[in-house]
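Reading the structure
So you can see what is in the structure, the chains are spelled out below.
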Amino acid sequence: QVQVVESGGGLVQAGGSLRLSCAASGNTIKIIVLNWYRQSPGKQRELVAGNTTGGYLYYTNSVKGRFTVSGDNDRYMLYLQMTNLKPEDTAVYYCAAVTRERKYWGQGTQVTVSS
C-alpha cells in the first residue's frame, strides 16, 4: 500500500504564492511518478503538473510559467510552487502516486484565491 498526504493549501489574494507539498509513504518503491491534480466544483479532476511515465515534466497550459514542480531524488516527495495565483486556480489540489497497478490519491488540500 501507498499513502499520499498533501499540505500547504490556504487562502491567498490574486497574485500571491503558495507552496504545496506531497509526501508519499508505505511501499514507496512501487511509485513510478508523483503528479499534481486539481478539481473545482462541477469540473473533472485535471492533471496540473508532474511527471509522465516517459520521464518528462508536464504542465497544463493554464499554469505554464507560474507553477513549478520539484521533488527529491527518491520520488517520495513532490512540491508545487505556485506563483502569480489567479482566482481560476481555486480548487482542491490532489497528489497522486502512480504505480504499475493504480494511482494512489491523497485527501486533497484546498487552495482559494481571492479577487
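Residues numbered from 1 in each chain as written. Predicted model: local features only at pLDDT ≥ 70, side-chain atom pairs only at ≥ 80, totals over all residues. Heavy atoms only, no water.

1. Details of the pairing of strand β3 (residues 18–26)
Sheet topology note: the strand β1 (residues 2–7)/β3 ladder contains 6 bridges and is antiparallel. Note that in β3 the partner of V2 across the bridge is G26. (Pairing = 2+ DSSP bridges. Helix = DSSP H or I, 4+ residues; strand = E, 2+ residues; numbered from the N terminus.)

2. Topic: the side chain of R38
Position of R38 relative to the elements: it lies in strand β4 (residues 33–39). Engagement of the side chain of R38 in a polar contact is seen with the side chain of D89, the distance being 3.0 Å. A distance of 2.9 Å separates the side chain of R38 from the side chain of Y93, its partner in a polar contact. With residues near it in sequence (within four places) discarded, R38 still touches Q44, R45, E46, V48, S62, V63, F67, E88, D89, A91, V92 and Y93. (Polar contact = N/O pair within 3.5 Å; in protein donor to acceptor, adjacent residues only side chain to side chain. Contact = heavy atoms within 4.5 Å.)

3. Notes on the sheet that holds β3
Read from one edge of the open sheet, 4 strands run β1-β3-β8-β7, paired in antiparallel fashion. The two strands at the open ends of the sheet, each matched to only one other strand, are β1 and β7 (67–71). Here the average twist between neighbouring strands, direction ignored, is 15 degrees. (Axes fitted to C-alpha atoms, helices over the stretch in contact; angles between N-to-C directions.)

4. Quick look at the environment of M77
Take M77: it is sitting in strand β8 (residues 77–82). For the pair formed by M77 and G50, sequence separation is 27 residues and the distance between their alpha carbons is 12 Å.

5. Points about the pattern of salt bridges
Overall, the coordinates contain 4 salt bridges when judged by the stated rule. The partner of D89 in a salt bridge is R38, and the shortest N-O contact between them spans 3.0 Å. In this pair, D89 sits in the loop between β8 and β9 (91–98) while R38 sits in strand β4, placing the two residues 51 residues apart along the sequence. The same class applies to D89 and to R38, which are both buried. The salt bridge involving R66 is made with D89; its shortest N-O contact spans 2.7 Å. Remark: D89 occurs in the loop between β8 and β9 and R66 occurs in the loop between β6 (57–59) and β7; sequence separation between them is 23 residues. Considered together, R66 and D89 belong to a single accessibility category, that of buried residues. Connected via shared salt-bridge partners are R38, E46, R66 and D89. (Salt bridge = Lys/Arg side-chain N within 4 Å of Asp/Glu carboxyl O. Buried < 20%, exposed > 50% of the residue type's maximum accessible area, 1.4 Å probe, protein only.)

Just distances and angles here, no functional claims.
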